[in-house]
Amino acid sequence: MNLHTHSFYCGHGCGTISEYVQEAAKNSIALLGMSEHCPVPDDRWQKTRMDYDQIASYEADCQKAKEQFAGQLVVATGYECDYLARYHQYYKEVKDRVDYLIFAIHDLASEDTQGGASVFYGSLTKEDLHTYTDLYCKGLSSGLFLFGAHPDLFAYSYYTWDAEAKACSKAIIECAISNNVALEINANGMRKPAIRTEEGHRFPYPLSAFWEMAAEYPIKVVTNSDAHNPALLRDRFEDCSHFAEDHNLQFCSYDLEITGQNKYSISLS
Ligand SMILES: [Zn+2]
Ligand SMILES: [Zn+2]
């Protein structure tokens, strides 16, 4: 299974929904969730996702794939959402329409102003790290999401495992526990160039120290390729499994409930 998947729709990925489903079928993936970066009505974050008016087309493509591959594999329609409280009601409506939502923070956005620096550009200050953590915990607490994607993404731009990094990681992990939301070991970070720190080379994410801390809790963990290309649908799956094993973490599985024709509700078990 893979529930974190991006197609050409996001503008920085490639492959059609149909190509992804064919790739999933070839790899005996029983559950393929498409999770395009979710556009919002005011087109905030537009550079990293489809336009708001492409929603119908994306969801229709997913629907077509569901029908085409019925009986062979389950295709779930989803979105990866950058959460702000101002979009809560909107996301709730999206969630009712599709099969599941996942959550991530890519920008240090603020409720009041447009814009917000990308977590991927420039190094994060201690203050930025706290902003990231606040945003992440608000998303996890919203009750909308199946799991939090790459919770340790801050490590892409924050290099030291200091008191701040520890406090922020602890806050994110404890928030996931208290809201019964899973956290994701994300393969996409393993594909990015390694980061050189004083302790040696490491993945930008997943961050070992984060997951060592997570293993001290009864945390629910999932893994996904976060593929932006059909050829990468299964990429690094073994590495993520080993990473989880090395950190004494076990992946949870998904329960699929059929709630309508080609419509599902997905929960963690
Ligand atoms: Zn993306
Ligand atoms: Zn993603």
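Overview of the structure. Please read these numbers as outputs of a predicted model, since none were measured by experiment. (Residues numbered from 1 in each chain as written. Chains lettered and ligands numbered in written order. Predicted model: local features only at pLDDT ≥ 70, side-chain atom pairs only at ≥ 80, totals over all residues. Heavy atoms only, no water.)

## So, the packing of helix H4 (residues 126–140) against helix H5 (residues 163–178)
Look at H4 against H5: their axes get within 9 Å of each other, and the N-to-C directions meet at 5°. Judged by the inter-axis angle, H4 sits roughly parallel to H5. Judged by residue contacts, Lys126, Leu129, His130, Tyr132, Thr133, Tyr136, Cys137 and Leu140 of H4 engage Glu164, Ala165, Cys168, Ala171, Ile172, Cys175 and Ala176 from H5. Each residue belonging to the contact of H4 with H5 can be placed in one class, and the counts come to eleven nonpolar, two polar and two charged. (Axes fitted to C-alpha atoms, helices over the stretch in contact; angles between N-to-C directions. Helix = DSSP H or I, 4+ residues; strand = E, 2+ residues; numbered from the N terminus. Parallel < 35°, antiparallel > 145°, perpendicular 65-115°, else oblique. Contact = heavy atoms within 4.5 Å. Nonpolar A, V, L, I, M, F, W, Y, C, P; charged D, E, K, R; others polar.)

## Here's the deal with unusual backbone geometry
Along the chain, Tyr205 connects to Pro206 via a cis peptide bond; the corresponding omega equals 0°. Mapped onto the fold, Pro206 is located in the loop between strand S7 (200–202) and helix H7 (208–214). A positive phi angle, close to 50°, is found at Asp226, a residue other than glycine. Along the chain, Asp226 falls in the loop between strand S8 (221–224) and helix H8 (237–246).

## A few points about the coordination of the zinc ion (ligand 1)
Around the zinc ion (ligand 1), the protein contributes the donor atoms His12 (NE2), His37 (NE2) and His228 (NE2), at 2.0 to 2.2 Å from the metal centre. Each donor residue of the zinc ion (ligand 1) belongs to the same chain, and together they define the spacing H-x24-H-x190-H. Separating the zinc ion (ligand 1) from the zinc ion (ligand 2) is a distance of 4.5 Å. Of this pair, His12 sits in the segment before helix H1 (17–26) while His228 sits in the loop between S8 and H8, and the two are 216 residues apart along the sequence. A relative accessible area of 42% places His12 in the partly exposed class. On the accessibility criterion, His228 (15% relative accessible area) is buried. (Donors = N, O, S within 2.8 Å, 3.2 Å for Na, K, Ca; no water. Buried < 20%, exposed > 50% of the residue type's maximum accessible area, 1.4 Å probe, protein only.)

## Brief notes about the coordination of the zinc ion (ligand 2)
Within the protein, His4 (NE2), His6 (NE2), Glu80 (OE) and Asp226 (OD) serve as the donor atoms for the zinc ion (ligand 2), at 1.9 to 2.7 Å. For the zinc ion (ligand 2), the single-chain donor residues occur in sequence as H-x1-H-x73-E-x145-D.

## Some details on the side chain of Asn2
Looking at the secondary structure, you find Asn2 in the segment before H1. With residues near it in sequence (within four places) discarded, Asn2 still touches Ile29, Leu31, Leu32, Gly33, Asn224, Ser225, Asp226 and Leu233.

## Focus on the pairing of S8
Burial along S8 is two-sided: the face carrying Val221 and Thr223 and the face carrying Val222 and Asn224 are both buried. Note: strand S5 (residues 182–186) against S8, four bridges, orientation parallel. Each residue of the ladder has a partner; that of Ile185, found in S8, is Thr223. (Pairing = 2+ DSSP bridges.)

## Considering the environment of Tyr205
Checked against the element boundaries, Tyr205 lands in the loop between S7 and H7. For Tyr205, a relative accessible area of 1% corresponds to the buried category. For the pair Tyr205 and Thr48, spaced 157 residues apart in sequence, the C-alpha separation works out to 20 Å. Residues in contact with Tyr205, not counting those within four places in the same chain, are Phe120, His150, Asp152, Leu153, Tyr156, Asn186, Asn188, Gly189, Met190 and Lys192.

## Here we look at the packing of aromatic side chains
Per the counting criterion, the structure on display carries 17 aromatic pairs. Ring geometry for Tyr9 against Tyr58: centres 5.5 Å apart, planes inclined by 70°, an arrangement best described as edge-to-face. Separated by 49 residues along the polypeptide, Tyr9 in the segment before H1 and Tyr58 in helix H2 (residues 55–68) bring together distant segments of the chain. Across this residue pair, the class does not change: Tyr9 and Tyr58 are buried. Judged by centre distance (6.1 Å) and plane angle (85°), the ring pair of Tyr83 and Phe145 falls under edge-to-face. Taken together, the positions of Tyr83 in the loop between strand S2 (74–82) and helix H3 (88–97) and Phe145 in the loop between H4 and strand S4 (147–148) put the pair 62 residues apart, joining distant regions of the chain. You can call Phe145 buried: its relative accessible area is 10%. Note that Arg44 overlies the ring of Trp45, its terminal NZ or CZ placed 5.5 Å from the centroid. Its guanidinium or amino end placed over the ring of Phe237, Arg234 lies 4.4 Å from that ring's centre, counting from NZ or CZ. (Phe/Tyr/Trp six-rings, centres within 6.5 Å; stacked < 30°, edge-to-face > 60°. Lys NZ or Arg CZ within 6 Å of the ring centre and 35° of its normal.)

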